[in-house]
Amino acid sequence: GEKKEVEDSTKQIVKKAALAVGSLKETEFDIRFNPDVFSPGVIHPKDNLNFKKECQLVQDAADFLITVQIPAFIRDCLDHSTAPMDGATLADAIHNRGINMRYLGKITEMLGKVPQLEYVYVIAVSEVVMRSAKHLFTLFLQGMDMLSLSCSISHFLNCLLSSCPTPSCTVPDQIHKKRSRNRSKKTTSKTSPLTPTDSVEWANLSPKSLWAQIKTEAKSYFDWNLTADSIDAFVELINLNKITLLRSFCQKTGVQIMLREYQFDNKTVQSFSEEDIVNMYPIVKHINPRATDAYNFYTTGQSKIQQGFLKDGYELISEALNLLNNVYGAMHPEIAQCLRMLARLNYIMGDHMEAMSCQQKAVLMSERVNGIDHPYTITEYTHLALYCFANTQVSTAL
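Residues numbered from 1 in each chain as written. Predicted model: local features only at pLDDT ≥ 70, side-chain atom pairs only at ≥ 80, totals over all residues. Heavy atoms only, no water.

Trainee: How would you explain the environment of Leu141 if you had to name every residue and give the values?
Mentor: With respect to the element layout, Leu141 can be found in helix 5 (residues 118-141). If we skip the residues at most four places from it in the chain, Leu141 touches Leu149, Ser152, Ile153 and Met280. (Helix = DSSP H or I, 4+ residues; strand = E, 2+ residues; numbered from the N terminus. Contact = heavy atoms within 4.5 Å.)

What follows is the structure in C-alpha cells.
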C-alpha cells in the first residue's frame, strides 16, 4: 500500500511539473514548439485542445530569448569571449546561442546602449540594412528575363550604393521579340527564360524609392527604425566603407562582380555598369553535420584547460583532431580551429617551435576552406605572427 502511495504522489508531482512547464503530456516532459501558431496564413483546427499551450510555449521561448539569451550574448561580447568581425561571424555567434536572426533589431537596439561595443553595433546595423536589401533584391529579380539580368542587377547596386542621384540604365534591345503572326495556333511549349518580357518595371527603381523600401522592410521584419534615407546618410551615420557593404551584399545574394576599384562617391557617374556583373550563384542554406564525439572531446579539453590541466587538455584536443581527420578528411574549418587551439597550448607550455608548426597548418587550411578575406584567416595570421616572434623570426612576424 505504501509503495502505491509513493507512486501516486510521484505521478502527481510529475503531473504538476509537466503542467508548470507547459508539457503536452502529463506523464513526462514533452515540450515541442509549433512555429506556425502565429503565422497569419495558417488556419488551425477549432478542436485543437493544445493550441493555447502551443501559443504559450512559443511566447515563453521568445521571452527567454529576449530576457536571458540576448543579454548573455551582449555580456559575452563585453568580456571578449565572443568577438564578431563581420556579418557572417555575427550570425554564427547569434545562432550558436539559439537566437533567430529576426531578433537582430532587438540585439542592435541593446548594443546601441553599450558604448564599448560600438564596433559590434556598426556590424549589426549594416547587417539589418543589407538583409533588408537582400529581401527586396529577391522580389526585384522575380520574373526577370535572362537578357535583362546583368542590367537590372547593376541598376539595383547603383540605387543601393552609388552616390549618383539618378542612375540610368539601358533596357536590353528587344529585337528577339518578333512575335509570330500566326497567333491562331496556340502553342503549349514552355517559353524559354531567355525570351525578353514586356516588363521593364525594374528600370523605374530609384535610390530614393529603394531606400524608402529598405526603411519599411527593416521596420516590419526586424523592428528596427532606420533614420538614414540615402546611402551617403547611412555611411555617415555608422562610419563604414561602402566596399564593406558591397562585399556583405554580394555574399548574401550570390552576385559575383568584376574585381576592380569602384568609384562610389562620384555624383555624376554611376558606380556599376552591366559589364561589372560576372555571375550569379545560388546561396544554399543548410546545417553542417557535426562530428559529435570529436566535439565532446574538444569541449572537455577546453574545460580541462580552464581548470589549469594543460597536459590533459592537450591530449583530449589531440584526440579530437584525430577524430576530425577521420570524419571530415584533410581539410575542414573545424580542423583549422583545432590546430589553432593546439598551437596556443604549445605556446603556453613553452614549446614555441611546435606552436609555430601547428599554426602554419591552421593558416594554410583556413585560407583554403574559409577564404583569404575571412575573419578567421585574419585571426590565424595574427597568431602566426606572435609565434614567429617567439621563435625570434622577427622579420617574418612583421
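Trainee: Would you mind going over the environment of Thr379 in detail, with residue names and values included?
Mentor: Position of Thr379 relative to the elements: it lies in helix 14 (residues 375-390). We classify Thr379 as buried; its relative accessible area is 17%. Expressed as a C-alpha distance, the spacing of Thr379 and Ser366, which sit 13 residues apart in the sequence, is 9.8 Å. The contact partners of Thr379, leaving out residues within four places of it in the chain, are Met85 and Arg340. (Buried < 20%, exposed > 50% of the residue type's maximum accessible area, 1.4 Å probe, protein only.)

Trainee: So, unusual backbone geometry: which residues are in play, and what are the values?
Mentor: Located in the positive-phi region is Asp223, a residue other than glycine, with phi close to 55°. Tracing the sequence through the fold places Asp223 in the loop between helix 7 (207-222) and helix 8 (231-238). Assessed through its relative accessible area of 38%, Asp223 is described here as partly exposed. Positive phi is not limited to glycine here, since Asn239 has a value of about 55°.

Trainee: Give me the pattern of salt bridges: which residues, what numbers.
Mentor: Within the structure shown, the criterion is met by 12 salt bridges. Residue Asp86 pairs with Arg247 through a salt bridge whose shortest N-O separation is 3.4 Å. One end of the pair, Asp86, is in the loop between helix 2 (51-78) and helix 3 (87-96); the other, Arg247, is in helix 9 (residues 242-253), with 161 residues separating them in the sequence. Of the residues examined, Asp86 reaches a relative accessible area of 12% and is grouped as buried. A salt bridge links Asp265 to Lys242; its shortest N-O distance comes to 3.4 Å. Pair noted here: Asp265 is in the loop between strand 1 (255-257) and strand 2 (277-280) and Lys242 is in helix 9, with a separation of 23 residues, a long-range link. Look at Asp265 and you get exposed, because its relative accessible area is 59%. Taken together, the shared-partner salt bridges connect Asp232, Lys242, Asp265 and Lys267 into one network. (Salt bridge = Lys/Arg side-chain N within 4 Å of Asp/Glu carboxyl O.)

Trainee: Describe the packing of helix 5 against helix 9, listing the residues and the values that go with them.
Mentor: Running from amino to carboxyl end, helix 5 crosses helix 9 at an angle of 45°, the nearest separation of the two axes being 10 Å. As summarised for this structure, helix 5 and helix 9 are arranged oblique, according to the angle between their axes. When you trace helix 5 past helix 9, the crossing you get is right-handed. Between helix 5 and helix 9, the contacting residues are Ser126, Glu127, Met130, Arg131, Ala133, Lys134 and Phe137 on the first element and Leu245, Ser248, Phe249, Lys252 and Thr253 on the second. Residue composition of the contact of helix 5 with helix 9, by class: 5 nonpolar, 3 polar and 4 charged. (Axes fitted to C-alpha atoms, helices over the stretch in contact; angles between N-to-C directions. Parallel < 35°, antiparallel > 145°, perpendicular 65-115°, else oblique. Left-handed = near helix turned anticlockwise from the far one by under 90°. Nonpolar A, V, L, I, M, F, W, Y, C, P; charged D, E, K, R; others polar.)

Trainee: Give a detailed account of the packing of aromatic side chains, specifying residues and quantitative values.
Mentor: Here the structure, examined in full by the defined rule, presents 12 aromatic pairs. When the ring of Tyr121 is compared with that of Trp224, the centres are 6.3 Å apart and the planes differ by 70°; the resulting orientation is edge-to-face. Pair noted here: Tyr121 is in helix 5 and Trp224 is in the loop between helix 7 and helix 8, with a separation of 103 residues, a long-range link. Tyr121 gets classed as partly exposed once you look at its relative accessible area, which sits at 24%. Between Tyr262 and Phe272, the aromatic rings sit 4.9 Å apart at their centres with planes inclined by 35°, giving tilted as the arrangement. In this pair, Tyr262 sits in the loop between strand 1 and strand 2 while Phe272 sits in the loop between strand 1 and strand 2, placing the two residues 10 residues apart along the sequence. Neither residue differs from the other here; Tyr262 and Phe272 are each classed as buried. Among the aromatic residues, those joined into a ring-pair cluster are Phe137, Phe140, Phe156 and Phe249. Over the ring of Tyr295 we find Arg290, and its NZ or CZ is 4.0 Å from the ring centre. (Phe/Tyr/Trp six-rings, centres within 6.5 Å; stacked < 30°, edge-to-face > 60°. Lys NZ or Arg CZ within 6 Å of the ring centre and 35° of its normal.)

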